[in-house]
Amino acid sequence: MAVKPCPRCGIMIPQGMDYCPDCKPAAIRQLQEYRKQNADKRQQKYNRKRDSRYLCFYRSKDWRRTSRAKLQACGYKCEARLEGCTGLAVEVHHIKPIQTPEGWELRLEWSNLEALCTHCHNLRHPDKLHRASEDGVIDMRLLK
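Residues numbered from 1 in each chain as written. Predicted model: local features only at pLDDT ≥ 70, side-chain atom pairs only at ≥ 80, totals over all residues. Heavy atoms only, no water.

> Please explain the overall build of the protein as it appears in this structure.
Along its length, the protein carries five helices and four strands. Secondary structure of the protein in N-to-C order comes out as β-β-α-α-α-β-α-β-α. Across the 144 residues in the protein, those meeting the buried criterion constitute 23%. By sequence separation, contacts in the protein at least 24 residues apart represent 46% of the contacts at least 6 residues apart. Accessible surface, the protein as shown: approximately 11,400 Å² in total, 52% of it carbon and sulfur. (Helix = DSSP H or I, 4+ residues; strand = E, 2+ residues; numbered from the N terminus. Buried < 20%, exposed > 50% of the residue type's maximum accessible area, 1.4 Å probe, protein only. Contact = heavy atoms within 4.5 Å. Areas by Shrake-Rupley, 256 points an atom, 1.4 Å probe, with all protein chains shown as cover.)

Written out as structure tokens, the structure reads:
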């Protein structure tokens, strides 16, 4: 049987194992902390690009109450049901975007809200899905 050293403590472990049984819980904890910190950094970077008026609105008690009520009223079922829909609504979408004057006036109006699953919500905002492409890298999703 092939063996290799544990990356944390150096004791010999069978090939195919990442860490020894003593180090594995600590390694998992460290990975979870790293992922959480990365997620926090991504969220902070995203929020720096957003207008503070919209940030305040989405953090407001009125919005949280209204969006929760909308999700409960539709029974957490996606109202769009687009192709590839998962069916479980977890996000509330503004039909008229709040970035427009008319949409801002209707931001808490029930008729301007739509309960969506994450997949359908992402399809409603295709401009927010595109990432900066690297030179020489082909996005396979764009090929037909």
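> What is the right way to look at helix 2 (residues 52-59) in this model?
Every α-helix carries 3.6 residues per turn, so stepping three or four residues along brings you back to the same face. For helix 2, the full list of buried residues reads Y54, L55 and F57. Each buried residue of helix 2 lies within a common arc of 165° when the element is viewed along its axis, so the set occupies one face. Among the exposed residues of helix 2, those pointing more than 90 degrees away from its buried face are C56 and R59. Elements that come into contact with the buried residues of helix 2 comprise helix 1 (24-49), helix 3 (61-73), strand 3 (91-94) and helix 4 (101-105). (Arc of directions from axis to C-beta.)

> Would you explain the pattern of salt bridges in this entry?
Working definition: two side chains of opposite charge can pair if their charged atoms are close together. Within this structure, the stated rule accounts for five salt bridges. Of the charged contacts in the structure, one is a salt bridge between K70 and E79, with a shortest N-O distance of 3.7 Å. When its relative accessible area of 8% is taken as the criterion, K70 is described as buried. (Salt bridge = Lys/Arg side-chain N within 4 Å of Asp/Glu carboxyl O.)

> Got a minute to help me understand the nonpolar core in this structure?
Counting eleven residues, the largest nonpolar core is built from Y54, F57, W63, L71, C74, A89, V92, I98, W104, L113 and A115. C78, L116, C117 and C120 belong to the second-largest nonpolar core, a separate cluster that totals five residues. (Core = buried A, V, L, I, M, F, W, Y, C linked by side-chain atoms within 4.5 Å.)

> Quick question: what am I supposed to make of the pairing of strand 4 (residues 113-116) here?
Residues in a regular strand point their side chains to alternate faces of the sheet. The alternating pattern of strand 4 places L113 and A115 and E114 and L116 on opposite faces, both of which are buried. In the sheet, strand 3 pairs with strand 4 via four bridges, with the strands oriented antiparallel. Bridging across to strand 4, H94 finds its partner in L113. (Pairing = 2+ DSSP bridges.)

> Sorry, what's going on with a nonpolar patch on the surface here?
A surface patch of nonpolar side chains, about 390 Å² in accessible area, is lined by M1, V3 and M12. Along the polypeptide, M12 turns up in strand 2 (residues 12-14). Take M12: its relative accessible area is 52%, and that puts it in the exposed class. (Patch = residues over 30% accessible without salt bridge, like charges linked within 9 Å, V, L, I, M, F, W, Y side chains within 5 Å.)

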